[in-house]
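# Working through the structure, step by step
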Amino acid sequence: MQQIKQQLLDALAAELESLSPGAGSKAAFESPKQAAHGDLATNAAMQLAKPLGQNPRALAETLKTQLLATPAFAQWVAAVEIAGPGFLNIRLKPEAKQQTVREVLAAGKGYGVQPATGQKLMVEFVSANPTGPLHVGHGRQAALGDAICNLLATQGWDVTREFYYNDAGVQIETLANSVQLRAKGIKPGDAGWPSGENAAAYNGDYIQDIADDFLAQQSVRADDREFTANGNVDDIDNIRAFAVAYLRNEQDKDLQAFRLKFDNYYLESSLYTDGRVEDTVKRLIASGNTFEKDGALWLKTTDFGDDKDRVMRKSDGTYTYFLPDVAYHITKFERGFAKAINVQGTDHHGTIARVRAGLQAANAGIPQGYPDYVLHTMVRVVRGGEEVKISKRAGSYITLRDLIDWTSADAVRFFLLSRKPDTEYTFDVDLAVQKNNENPVYYVQYAHARICSVLAQWQEKNGGKPESLLDADLSPLNSPAAEALLLKIAQYPDMLRAAASDFAPHDVTFYLRELASSYHSYYDAERILVDDVPTRDARLALVAATAQVLRNGLGILGVTAPEKM
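Notes on the structure in this doc start here. These figures come from a predicted structure and were not determined experimentally.

What counts, and at which threshold
- Throughout, residues of each chain are indexed from 1 in the direction in which the sequence is written.
- This being a predicted model, a pLDDT of at least 70 is required before a residue's local features are given, and a value of 80 or more before pairs of side-chain atoms are given or counted; all residues contribute to the totals for chains, interfaces and linings.
- Computation of side-chain values covers all heavy atoms of the structure but excludes hydrogens and water.
- At least two DSSP bridges between two strands are required for those strands to pair.
- Labels follow the DSSP assignment, with helices taken as runs of H or I lasting at least four residues and strands as runs of E lasting at least two, numbered in each case from the N terminus.
- Using a 1.4 Å probe on the protein chains alone, a residue whose accessible area is under 20% of its type maximum counts as buried, one over 50% counts as exposed, and one in between counts as partly exposed.
- Any two residues whose heavy atoms approach within 4.5 Å are treated as being in contact.
- Under the counting rule used here, the positive set is Lys and Arg, the negative set is Asp and Glu, and His together with the chain ends is not counted.
- Each reported salt bridge corresponds to a side-chain nitrogen of Lys or Arg within 4 Å of a carboxyl oxygen of Asp or Glu.
- A 3.5 Å cut-off defines polar contacts: any pair of N or O atoms within that distance qualifies, except that in protein one atom must be a possible hydrogen donor and the other a possible acceptor, and neighbouring residues in sequence count only when both atoms are side-chain atoms.
- For helices, the fitted line uses only the C-alpha atoms of the stretch in contact; every axis is such a line through C-alpha atoms, and the angle between N-to-C directions lies from 0 to 180 degrees.
- Every angle not falling under 35 degrees, over 145, or within 65 to 115 is termed oblique; those three ranges are roughly parallel, roughly antiparallel and roughly perpendicular.
- Helix crossings get a hand from a simple test, with the near helix turned counterclockwise from the far one by less than a right angle marking a left-handed crossing and a clockwise turn marking a right-handed one.
- For this scheme, ten residues count as nonpolar: Ala, Val, Leu, Ile, Met, Phe, Trp, Tyr, Cys and Pro. Four count as charged, namely Asp, Glu, Lys and Arg, and the remainder, Gly too, count as polar.
- Whether two aromatic rings pair depends on their centres lying within 6.5 Å, for rings of Phe, Tyr and Trp, where Trp uses its six-membered ring; planes under 30 degrees apart make the pair stacked, over 60 edge-to-face, and the rest tilted.
- Put simply, a charge is over a ring when the Lys NZ or the Arg CZ is close to the ring centre, within 6 Å, and near the line of the ring normal, within 35 degrees.

## Notes on the pairing of strand 2 (residues 77–83)
As paired elements, strand 2 and strand 3 (residues 87–92) share six bridges and run antiparallel to each other. Paired with A83 across the bridge in strand 3 is F87.

## Notes on unusual backbone geometry
Between Y370 and the following residue, P371, the backbone shows a cis peptide bond with an omega angle of 0°. By secondary structure assignment, the location of P371 is in the loop between helix 13 (349–361) and strand 13 (372–376). With a phi angle near 40°, S127 is a residue other than glycine that sits in the positive phi range. Within the secondary structure layout, S127 lies in the loop between strand 4 (120–124) and helix 6 (136–154). At F503, a residue that is not glycine, the phi angle is positive and equals roughly 50°. Secondary-structure assignment places F503 in the loop between helix 19 (492–501) and helix 20 (506–525).

## Description of the environment of V454
With respect to the secondary-structure elements, V454 resides in helix 17 (residues 440–462). Judged by its relative accessible area of 5%, V454 is buried. Expressed as a C-alpha distance, the spacing of V454 and D410, which sit 44 residues apart in the sequence, is 24 Å. If we skip the residues at most four places from it in the chain, V454 touches Y519, Y523, I528, L529 and L540.

## Re the side chain of R140
Along the chain, the position of R140 falls in helix 6. Buried within the structure, R140 lacks any salt-bridge partner; E424 is the closest side chain of opposite charge, at an N-O distance of 6.1 Å. Reaching out from R140, the side chain makes a polar contact with the backbone oxygen of K420 at a distance of 3.1 Å. Setting aside its immediate chain neighbours within four residues, R140 contacts H376, T377, M378, V379, L416, R419, K420, P421, T423 and Y425.

## Section: the sheet that holds strand 11 (residues 310–313)
In space, the three strands of this open sheet follow the order 9-10-11, with antiparallel pairing throughout. Single-partner strands in this sheet number two, and they are strand 9 (290–293) and strand 11. The sheet shows a mean angle of 45° between the axes of neighbouring strands, direction not considered. In this structure, strand 10 (residues 296–299) lies alongside strand 11, joined through three bridges in antiparallel fashion. The residue bridging W298 from the neighbouring strand is V311, located in strand 11.

## Looking at the packing of helix 17 against helix 20
At a minimum axis separation of 9 Å, helix 17 and helix 20 run at an interaxial angle of 45°. Taken together, the axis directions place helix 17 and helix 20 in an arrangement best described as oblique. The chirality of how helix 17 crosses helix 20 is left-handed. Taken together, the residues of helix 20 that come into contact with helix 17 (itself represented by P440, Y443, V444, Y446, A447, R450, I451 and V454) are L512, R513, A516, S517, Y519, H520, Y523 and D524. Taken together, the residues of the contact of helix 17 with helix 20 break down into eleven nonpolar, two polar and three charged.

## What about the pairing of strand 10?
In strand 10, alternate side chains face the same way, and those of A296 and W298 on one face and L297 and L299 on the other are all buried. The pairing of strand 9 with strand 10 spans four bridges and is classified as antiparallel. Bridge pairing links T290 to L299 in strand 10. What sits between the antiparallel neighbours strand 9 and strand 10 is a turn of two residues, in which D294 has the positive phi angle 55°.

## Focus: the packing of aromatic side chains
This model, assessed by the stated rule, comprises 18 aromatic pairs. When the centroid spacing of 5.8 Å and the interplanar angle of 5° are considered together, the rings of Y442 and Y446 count as stacked. Pair noted here: Y442 and Y446 are both in helix 17, with a separation of four residues, about one helical turn. Among the residues examined, Y442 registers a relative accessible area of 17% and is labelled buried. On the accessibility criterion, Y446 (30% relative accessible area) is partly exposed. By the ring-pair criterion, three or more aromatic residues cluster together here, those being F125, F163, Y165, F262 and Y265. For the cation-ring pair, K120 lies above F337, with the distance from its terminal atom to the ring centre recorded as 4.5 Å. Between the NZ or CZ atom of K293 and the centre of the ring of W298, over which it lies, the distance is 5.5 Å.

Laid out in structure tokens, this is it:
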């Protein structure tokens with residue numbers, strides 16, 4: 001129905017242009033929330049009434065008459081009704097809605113996908129420091145980032161997934177020292193172990209695992225590095241390098257279990273070794289946007305919208321985290337990424353203004369508002385009706401691997417994407433393993449499996465071939481249940497476009513649940529494998545198209561579409 005909708009939109013644009021030059025560019029349809037209000041709607045008459053000095057309903061009558069006289073409306077529209085102060089509610093002919101089935105079956109997994117634009121886009125997400133296992137917050141970030149990448153790829157962007165991590169600094173030193181103590185036989189609670197609320201030590205059992213493998217002189221390989229331990233407990237540099245490689249390997253395993261692979265890993269240390277941090281300092285000084293105070297080098301970020309100026313280089317000569325962040329984002333732009341999106345926790349909210357200010361102060365030709373940010377809250381985990389806070393392996397938090405092991409990668413992805421990123425979310429482990437309609441991922445996957453079962457029965461009993469459904473006579477699809485399902489399928493491309501624009505994969509989960517509900521309602525209302533061949537084939541074509549859209553939508557989320565359950 002997308003082609004038909006475009007024809008109708010073109011007709012609306014032309015008539016608006018004839019009424020008021022320039023108005024055609026604002027032509028748009030919306031989908032009424034209630035079926036009784038029609039299939040498409042527009043408030044164009046209400047928008048034009050004031051500038052034209054006309055009564056909105058009178059203008060709506062004029063526009064209605066003109067639209068019904070156009071070839072597109074004459075061919076595809078059954079009625080245009082005026083509602084309220086001047087809304088135009090459009091009811092499509094059954095054959096217009098039925099064309100959706102052919103569009104879906106012909107396009108397959110390309111249904112709703114836009115042509116390539118040639119523009120590069122980077123999404124940076126997870127970006128966990130190699131100091132411990134990935135926690136559930138990283139899991140929410142992984143699900144969000146991957147789904148956002150998939151969404152934007154459907155709109156023609158050339159998408160790169162990037163993982164940025166701090167492979168130096170205080171946290172890495174704490175990791176190395178913790179592993180060294182364990183390798184020497186000192187454990188949490190012993191006299192030699194750092195203690196106190198702010199003690200610089202990692203207490204999780206995974207530290208002992210690293211120490212044991214270090215003593216055994218094991219080799220570890222990660223996506224971006226490989227290292228072999230020498231077993232010398234006094235060689236802190238060797239311990240540090242092994243621990244980082246070990247944890248990168250562990251994180252890679254978690255990501256593989258989550259069916260997620262990055263295109264690129266970017267090391268914070270490279271910003272220093274490649275001279276990018278120093279180059280950024282020189283660029284900022286040359287721009288005239290810096291000043292010295294109390295022995296430190298400051299940037300006038302308040303000139304670019306920040307709430308206060310920021311220290312770049314402290315009085316002891318070391319850099320704050322702000323500076324490498326600016327240097328890193330300059331590299332993103334210089335690598336040709338016209339758009340960059342950072343998926344981070346809400347605790348990073350304060351970095352947005354300062355990073356953007358730093359980029360503008362650098363005079364690097366980077367557009368304002370670069371990069372975009374998607375911030376997410378943390379996740380509470382409930383199991384057996386009680387909140388679970390601690391994983392023995394991690395020492396202080398629930399890991400992503402815990403959630404996957406307790407449920408499944410599919411459930412974790414779907415659940416963590418089922419709310420807006422900036423809203424609190426409680427992950428109910430018990431719900432995620434239920435096999436009933438209360439479990440949203442099961443409900444959607446079951447709809448797909450149910451259709452596959454029907455198609456398999458048809459193929460087995462009648463020797464049917466899926467490609468033959470492309471030529472089916474679709475006129476029998478005229479019942480209320482069939483038309484409701486057709487309209488829901490037709491909404492998929494617009495839903496994708498809006499979800500990509502808003503970085504909102506939760507919209508996909510909402511849509512899939514609604515589509516699954518429409519299918520289950522249709523299945524309950526009409527038997528599909530009937531004796532009448534034209535009716536049977538039309539209904540088979542409809543449910544085959546439904547299955548395709550369910551598959552496509554689940555694929556955006558990184559969730560599988562099983563054929564049997």
